[in-house]
Amino acid sequence: MLGPLPAAPGCDCHICRPDDSYDDLDRNAIDTVLRHGWQVILVSDDVECSSPDHDADDHEHASSAPAFAYTLGLGHRCGHPELLMSGLDPHLMHRALNDVAGRVMAGRRLAPGDVLEGVLAGVPVTVERVAADALDETLRWSGWFHRREPEALMIVWPSTSGLFGWQPGAPEVLDELQPRSWREPVEHRGGLAADPDWPFPVPPDRMVFSCTHVVDEGDSVLWVARQSDPETGEDWSLRCGAAHHSTDDMRMLHLAHLVRAAPSVRSLAGLPLDHEAWRDDVESAWQTRALA
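Not measured: the values here are computed from a predicted model.

Asks: What is the right way to look at the pattern of salt bridges in this model?
Replies: Side chains carrying opposite charge are able to pair once their charged atoms draw close together. One pass over the structure, following the stated rule, counts 16 salt bridges. A salt bridge links glutamate 234 to arginine 226; the shortest N-O distance between them is 2.9 Å. Of the two residues, glutamate 234 and arginine 226, neither departs from the other in class, the shared state being buried. What emerges from the salt-bridge pattern is a single network uniting Asp99, Arg103, Arg108, Asp114 and Glu283.

Asks: Please clarify how the nonpolar core should be interpreted in this entry.
Replies: Burial of nonpolar side chains together is a common tendency in soluble globular proteins. Ranked by internal contacts, the top residues of the largest apolar core, which has 28 residues, are Leu83, Met85, Leu120 and Ile155. Put simply, the parts of the chain that give this core at least two residues each are β1 (39-43), α3 (74-78), β3 (82-86), α4 (90-105), β4 (115-120), β5 (123-129) and β6 (152-156). Tallying contributions element by element places α4 first for this core, with six residues. Once you skip the residues sitting within four places of it in the chain, leucine 83 turns out to touch Ala69, Tyr70, Thr71, Leu74, Leu97, Val100, Ala101, Leu110, Leu153 and Ile155. If you look at the next biggest cluster of nonpolar residues, it comprises 27 residues, including Ile30, Tyr70, Leu84 and Val156.

Asks: What's the story with α4 in this structure? I'm lost.
Replies: Given 3.6 residues per helical turn, the α-helix brings residues three or four places apart onto the same face. For α4, built from 16 residues, the straight-helix expectation of 22 Å at 1.5 Å per residue is met to within 8% by its first-to-last C-alpha distance of 22 Å. Where α4 is concerned, the buried positions are Pro90, Met93, Ala96, Leu97, Val100, Ala101, Arg103 and Val104. Relative to the axis of α4, the buried residues are bounded by an arc of 150 degrees and lie together on one face. Looking at the residues trailing α4, positive phi occurs at glycine 107, about 120 degrees.

Asks: I'm lost on the packing of aromatic side chains in this one. Help?
Replies: The description of two aromatic rings rests on the distance between their centres and on the angle between their planes. Counting across every chain of the model gives eight aromatic pairs. Through a chain of ring-to-ring contacts, the aromatic side chains of Tyr22, Trp141, Trp144 and Phe145 assemble into a single cluster. Sitting above the plane of the tryptophan 278 ring, arginine 289 keeps its charged end 4.3 Å from the centroid.

Asks: Looking at this structure, I do not really get unusual backbone geometry. What am I missing?
Replies: As a rule of thumb, non-glycine residues mostly have phi less than zero, and peptide bonds are mostly trans rather than cis. In this structure, arginine 147 is a non-glycine residue whose phi angle is positive, near 60 degrees. In this structure, arginine 147 sits in the loop between α6 (140-146) and β6. The backbone of aspartate 274 sits at a positive phi, close to 60 degrees, despite the residue not being glycine. With respect to the helices and strands, the residue aspartate 274 is situated in the loop between α9 (255-261) and β11 (275-278).

Asks: Quick question: what am I supposed to make of the environment of phenylalanine 164 here?
Replies: For phenylalanine 164, the location among the structural elements is in the loop between β6 and α7 (173-177). Relative accessible area serves as the criterion here: at 1%, phenylalanine 164 is assigned to the buried category. Spatially, the C-alpha atoms of phenylalanine 164 and aspartate 175 are 9.3 Å apart, while their sequence positions differ by eleven residues. In this structure, phenylalanine 164 is in contact with Pro124, Val125, Thr126, Val156, Trp157, Pro158, Ala170, Leu174 and Leu192, ignoring residues within four places of it in sequence.

Asks: Would you mind showing me how to read the side chain of threonine 71 here?
Replies: Relative to the helices and strands, threonine 71 is located in strand β2 (residues 68-72). One polar contact links threonine 71 to glutamate 82, side chain to side chain, over a distance of 2.7 Å.

Definitions and cut-offs
Residues numbered from 1 in each chain as written. Predicted model: local features only at pLDDT ≥ 70, side-chain atom pairs only at ≥ 80, totals over all residues. Heavy atoms only, no water. Salt bridge = Lys/Arg side-chain N within 4 Å of Asp/Glu carboxyl O. Buried < 20%, exposed > 50% of the residue type's maximum accessible area, 1.4 Å probe, protein only. Core = buried A, V, L, I, M, F, W, Y, C linked by side-chain atoms within 4.5 Å. Helix = DSSP H or I, 4+ residues; strand = E, 2+ residues; numbered from the N terminus. Contact = heavy atoms within 4.5 Å. Expected span 1.5 Å × (residues − 1). Arc of directions from axis to C-beta. Phe/Tyr/Trp six-rings, centres within 6.5 Å; stacked < 30°, edge-to-face > 60°. Lys NZ or Arg CZ within 6 Å of the ring centre and 35° of its normal. Polar contact = N/O pair within 3.5 Å; in protein donor to acceptor, adjacent residues only side chain to side chain.

Here it is as structure tokens:
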């Protein structure tokens, strides 16, 4: 129960300054933010927005846009912009926004250009600011709740192969499902740049070791090793971090595929031979040491 916790300084939302005009939907939203810190609002043809402020014309307009989902209440508890996603299955967006909102509640402050791993299976997501003209089209209930023009960041996702809409070879549908008019331009860097460099000492098509948990199940890369090999010079392994893997658990695939799925691995391109790197979770910093 999060209700007794202090609100962000200067908050004037309907929790901090209640009135007597709430219907059942309003009350449910307020109670959900009190209990959990935020609520996720879904808007699609399958899951209609139930806000009383949206009339039939609003629904007709929304049905011509991609399905979208957004958080309600992060400004109250954290003083943080709301989060918006579009174009995926509504229930998948619900789970993804809950994941990112949980990180915000734990203290993560997001900014345009940030990259997050572990939100969607097998691919990263990035952060862009929601354009001012798109706020009225999407985050209407957040504006009511906070009694001010909402601020929001959009969680942008790539193709299943890890290509974002601005990168060569990306499918055009990415920009249809995540309208560029909803997002302020940002210069993406590193592995998410339009033409990213390749920092590793081996080529992108080098076959490396991974595990079924990463390759088949979409788990995050939490352990990396670079080992000497008398025939190839060196071998790389990028795995989920579990203590033990059987032979049946192992897979081989191109290094580039794993680096697109986990862009933070790029920071380990200079890992010395016969060293390993690990992290407790995707929000933790990499640690390194010599292999035993």
